[in-house]
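One letter stands for each residue in the lines below.
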Amino acid sequence: MHNKALAPEYQGALTKMSVNSSLADVLAEGERHLREAELSGSQQEVARCGLAVAEAHRRLGNVTEADRAWKASYRSARSAGDLGAMAWALWSGGTLARQRGELRLAFRLLGLAADMGKRGGDIVARGYSLAGLAETGRIQGDYRTVAALHEQLLAEARARGEARHTVWALEGIAQIHRNTGSLDTALAMFEEAAELAGNADDRRGRAWALRGMADIISLRDDPERALELLAEAELTCREMKLSSALAYNHKMRANVLFRAGRYEEARGMYEEALAEFRAMTEPRGEALARLGLVKSLARLGRDRDDTAADLHELRRTLSRIGLLNARDMVDKAYAELGVAPVDGGTDEKS
């Protein structure tokens, strides 16, 4: 039996904020309580309120402000000697690093967060940090390493009745199955995640699950149903001001249109997603949207040499970020579009 979804990252005076609260409301309340905490002189409360501010900024795509806020939260937590608050601040910083495509930094910060959460006896902070490590590895394409950790975290979340974390783990494992070709299993897990998120009133989790369902349903040649699911998810993204989730929703909508042969519509949607990712400095999403845009333009008759040059540059970018699975997608695009790799498809790594 699972409980209603909670938002443990909203702490201190923010504990009453819902997982479904608008991020604009979270930011406003967080900043108000942060000012009050600073006046009171409680470094512990400053750290806890600062965490909510950092997370609201991160999810709104305000990466500079988010970076400043999590670091300030960590300094206050360290001053107060609060290991749990230090763990949460490091978790926020690691999650932001992943969002910005800084995967090495993400691994380091999330590893420190997991250790700090264990030392401080904060099992939720530790669990979120381990989940962050698992997600970072999954995004990188290192499925063999992180699949077992995903399964472990799913079992722990189910045992504790933590709906939000169960939804996250189901979606992560489903994505691994999708990327390795087990589409039936992936769809079943995305559907379970969507149902559980709905029952637990986790609107964010449900929006991501619907996106996963739409992806697989689109691969099964039912674009209209896929677009309906994405439209439902988009409403949540807009109402909660989930900037990153909205951009990924738009990229998936473009994927669906591309697969359906609606290349001009796909081009426009990829351009919209690309602008959204650039506005929030999210290089992974930007690169994936650029890949879709290059493929759409190629289908619309763009010069082959220009297409090959763009794919070569994209492969270098994805290699530099460390996104192994996404890099393979570029290699497949060469074959799909009938374009010869530049210089034999070699990388420049840094």
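Numbering of residues starts from 1 in each chain and follows the order in which that chain's sequence is written. With the structure being a predicted model, the display of local features is reserved for residues of pLDDT at least 70 and the display and counting of side-chain atom pairs for 80 or more, all residues being used for whole-chain, interface and lining totals. To obtain the side-chain values, all non-hydrogen atoms of the structure were used and water was disregarded.

### Points about the side chain of Gln11
Right, so step 1: Going along the chain from the N terminus, every DSSP run of H or I of four or more residues is numbered as a helix, and every run of E of two or more is numbered as a strand. With respect to the element layout, Gln11 can be found in the segment before helix H1 (23-40).
Right, so step 2: Each residue is assigned to one of three classes by its accessible area relative to the maximum for its type, calculated with a 1.4 Å probe on protein chains only: buried under 20%, partly exposed between the two thresholds, exposed over 50%. By relative accessible area, Gln11 is classed as buried at 7%.
Right, so step 3: Those residues in contact with Gln11 that lie beyond four places of it in its chain are Arg48, Leu51 and Trp88. Contact criterion: two residues are considered in contact whenever any of their non-hydrogen atoms come within 4.5 Å of each other.

### Thoughts on the packing of aromatic side chains
Right, so step 1: Here a pair means two rings of Phe, Tyr or Trp (six-membered ring of Trp) with centres within 6.5 Å. Their orientation is stacked below 30 degrees between planes, edge-to-face above 60, and tilted elsewhere. Across all of its chains, the model carries six aromatic pairs by this definition.
Right, so step 2: Taken together, a centroid distance of 5.7 Å and an interplanar angle of 75° make the contact between Trp91 and Tyr128 edge-to-face. Of this pair, Trp91 sits in helix H4 (residues 83-99) while Tyr128 sits in helix H6 (residues 123-140), and the two are 37 residues apart along the sequence.
Right, so step 3: Overall, the relative accessible area of 11% leaves Tyr128 in the buried class.
Right, so step 4: One aromatic cluster is present, built from ring pairs that chain together Trp88, Trp91 and Tyr128.

### With respect to the packing of helix H3 (residues 63-80) against H4
Right, so step 1: To obtain an axis, a line is fitted to C-alpha atoms, over the contacting stretch when the element is a helix, and the angle between two such axes runs from 0 to 180 degrees between their N-to-C directions. Packing of H3 against H4 brings their axes to within 8 Å, and their N-to-C directions diverge by 160°. Between H3 and H4, the interaxial angle falls into the category roughly antiparallel. By crossing handedness, the relation of H3 to H4 is classed as left-handed. Residue-level contacts link Val63, Ala66, Asp67, Trp70, Ser73, Tyr74, Ala77 and Arg78 of H3 to Ala85, Met86, Ala89, Leu90, Ser92, Gly93, Leu96 and Gln99 of H4. Working rule for angles: under 35 degrees goes down as roughly parallel, over 145 as roughly antiparallel, 65 to 115 as roughly perpendicular, anything else as oblique. Left-handed describes a crossing whose near helix is turned anticlockwise from the far helix by less than a right angle; the clockwise case is right-handed.

### With respect to unusual backbone geometry
Peptide bonds are trans in most cases, and residues, glycine excluded, mostly fall at negative phi.
Right, so step 1: A positive phi angle is found at Asp221, which is not glycine, with a value near 65°.
Right, so step 2: Note that Asp221 resides in the loop between helix H10 (203-219) and helix H11 (223-240).
Right, so step 3: Look at Asp221 and you get exposed, because its relative accessible area is 67%.
Right, so step 4: Of note, the phi angle at Thr281 is positive, near 50°, even though the residue is not glycine.
Right, so step 5: Inspection of the secondary structure assignment puts Thr281 in the loop between helix H13 (263-279) and helix H14 (283-299).

### Some words on H1
Right, so step 1: For H1, with 18 residues, the first-to-last C-alpha span of 25 Å sits near the 26 Å given by 1.5 Å per residue.
Right, so step 2: Here H1 has its buried residues at Leu23, Val26, Leu27, Gly30, His33, Leu34 and Ala37. Projected onto a plane normal to the axis of H1, the buried residues spread over an arc of 145° and lie on a single side.
Right, so step 3: Next to the buried residues of H1 lie helix H2 (43-60), H10 and H11.
Right, so step 4: Remark: Gly41 follows H1 within two positions and exhibits a positive phi of approximately 85°. The span one expects for a helix is its residue count, reduced by one, times 1.5 Å. Note: the arc covers the axis-to-C-beta directions of the helix.

### As for the nonpolar core
Right, so step 1: Remark: nonpolar core denotes a set of buried residues (Ala, Val, Leu, Ile, Met, Phe, Trp, Tyr, Cys) joined through side-chain atoms within 4.5 Å. Among the nonpolar cores identified, the biggest contains 99 residues, and Tyr10, Trp70, Tyr74, Leu90, Leu153 and Met213 are the most heavily contacted of them.
Right, so step 2: Ignoring sequence-local partners within four residues, the contact set of Leu90 consists of Trp70, Tyr74, Leu109, Leu112, Ala113 and Met116.
Right, so step 3: Grouped together as the second largest cluster of nonpolar side chains are 19 residues, Val294, Ala308, Ala326 and Leu337 included.

### A few points about the confidence of the model for the chain
A low pLDDT score tells you not to read the predicted coordinates there in detail.
Right, so step 1: Averaged over all residues, the pLDDT of the chain is 92; the fraction at 70 or higher stands at 97%.
Right, so step 2: Scored below 50 in pLDDT, residues 345-350 shows nine contacts in the model against residues more than four places distant or in partner chains. pLDDT measures how confident the predictor is about each residue, on a scale from 0 to 100.

### Some thoughts on the environment of Arg119
Right, so step 1: Within the secondary structure, Arg119 sits in helix H5 (residues 103-120).
Right, so step 2: By relative accessible area, which is 53% here, Arg119 ends up exposed.
Right, so step 3: Through-space distance from the C-alpha of Arg119 to that of Gly84 is 8.3 Å; in sequence the pair is 35 residues apart.

### Notes on the environment of Leu300
Right, so step 1: Note on placement: Leu300 falls in the loop between H14 and helix H15 (304-321).
Right, so step 2: Distance from Leu300 to Arg267, taken between C-alpha atoms, is 9.1 Å for residues 33 residues apart in sequence.

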